[in-house]
Amino acid sequence: MLENLKHIKEAWYTSHNFYFSCGGDECHSSTYSYAWATDIDHNVFLCELALTRSLNRSIDSLPGILIHEITHFDDVLMAGDYAFGVDGAENLAYSAP
Ligand SMILES: [Zn+2]
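To keep things clear, this report deals only with the structure shown in the data block. Here the structure is a predicted model, which means the values were calculated and not measured.

Quick word on the overall build of the protein chain
Here comes step 1: Across its full length, the protein chain carries three helices and three strands.
Here comes step 2: Sequence-ordered secondary structure for the protein chain, helices as α and strands as β, is α-β-β-β-α-α.
Here comes step 3: Considering only C-alpha atoms, the protein chain reaches an extent of 35 × 30 × 25 Å along its principal axes.
Here comes step 4: Within the span of the protein chain, comprising 97 residues, buried residues form 13% of the whole.
Here comes step 5: The long-range share in the protein chain, meaning contacts at least 24 apart out of those at least 6 apart in sequence, stands at 48%.

Here we look at the sheet that holds strand β2 (residues 33–35)
Here comes step 1: Judged by pairing direction, the sheet is mixed, and its three strands sit side by side in the order β1-β3-β2 without closing on themselves. If you trace the sheet from one side to the other, it starts and ends with β1 (19–22) and β2, each paired once. Averaged over all pairs of adjacent strands, the angle between strand axes in this sheet comes to 20 degrees, irrespective of strand direction.
Here comes step 2: Inspection of the sheet shows β2 paired to strand β3 (residues 43–46) by three bridges, in the antiparallel sense. Bridge pairing in β3 links A35 to V44.

Digging into the environment of S30
Here comes step 1: With respect to the helices and strands, the residue S30 is situated in the loop between β1 and β2.
Here comes step 2: For the pair formed by S30 and A50, sequence separation is 20 residues and the distance between their alpha carbons is 9.6 Å.

A word on unusual backbone geometry
Here comes step 1: Here the phi dihedral of H42 falls at roughly 55 degrees; this positive angle occurs in a residue that is not glycine.
Here comes step 2: Relative to the helices and strands, H42 is located in the loop between β2 and β3.

Details of the environment of F18
Here comes step 1: Among the secondary structure elements, F18 is positioned in the loop between α1 (2–15) and β1.
Here comes step 2: Assessed through the 16 C-beta atoms surrounding it within 10 Å, F18 is described here as partly exposed.
Here comes step 3: When neighbours within four sequence positions are excluded, F18 is seen to be in contact with H42, V44 and I70.

Here we look at the pairing of β3
Here comes step 1: With four bridges connecting them, β1 and β3 associate as parallel partners. Its bridge partner lying in β3, C22 is registered against L46.

What counts as what
- Residues numbered from 1 in each chain as written.
- Predicted model: local features only at pLDDT ≥ 70, side-chain atom pairs only at ≥ 80, totals over all residues.
- Helix = DSSP H or I, 4+ residues; strand = E, 2+ residues; numbered from the N terminus.
- Buried ≥ 20, exposed ≤ 12 C-beta atoms within 10 Å, placed from the backbone.
- Contact = placed C-beta atoms within 7 Å.
- Pairing = 2+ DSSP bridges.
- Axes fitted to C-alpha atoms, helices over the stretch in contact; angles between N-to-C directions.

Below, the structure written as structure tokens:
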């Protein structure tokens, strides 16, 4: 986990540019945001729902969503969406730390 965080920080500060835009073809009413893992230009699409989220430290905050999305890129962490929500994350942490 700590290694993963270091990796995200490194990607954020040094190795890549990320492009965040509002809206996208894949935005649905229940979609916060999305990104394509193989996109070498690192585009992150923020849907309307994401823009209603808090900027402060809280669950599903906008900054949290941004960090979540950049972990999906193959050259950042290649992270998949294995579980959603606090309970899902907790269960995953126990079963596959
Ligand atoms: Zn995701």
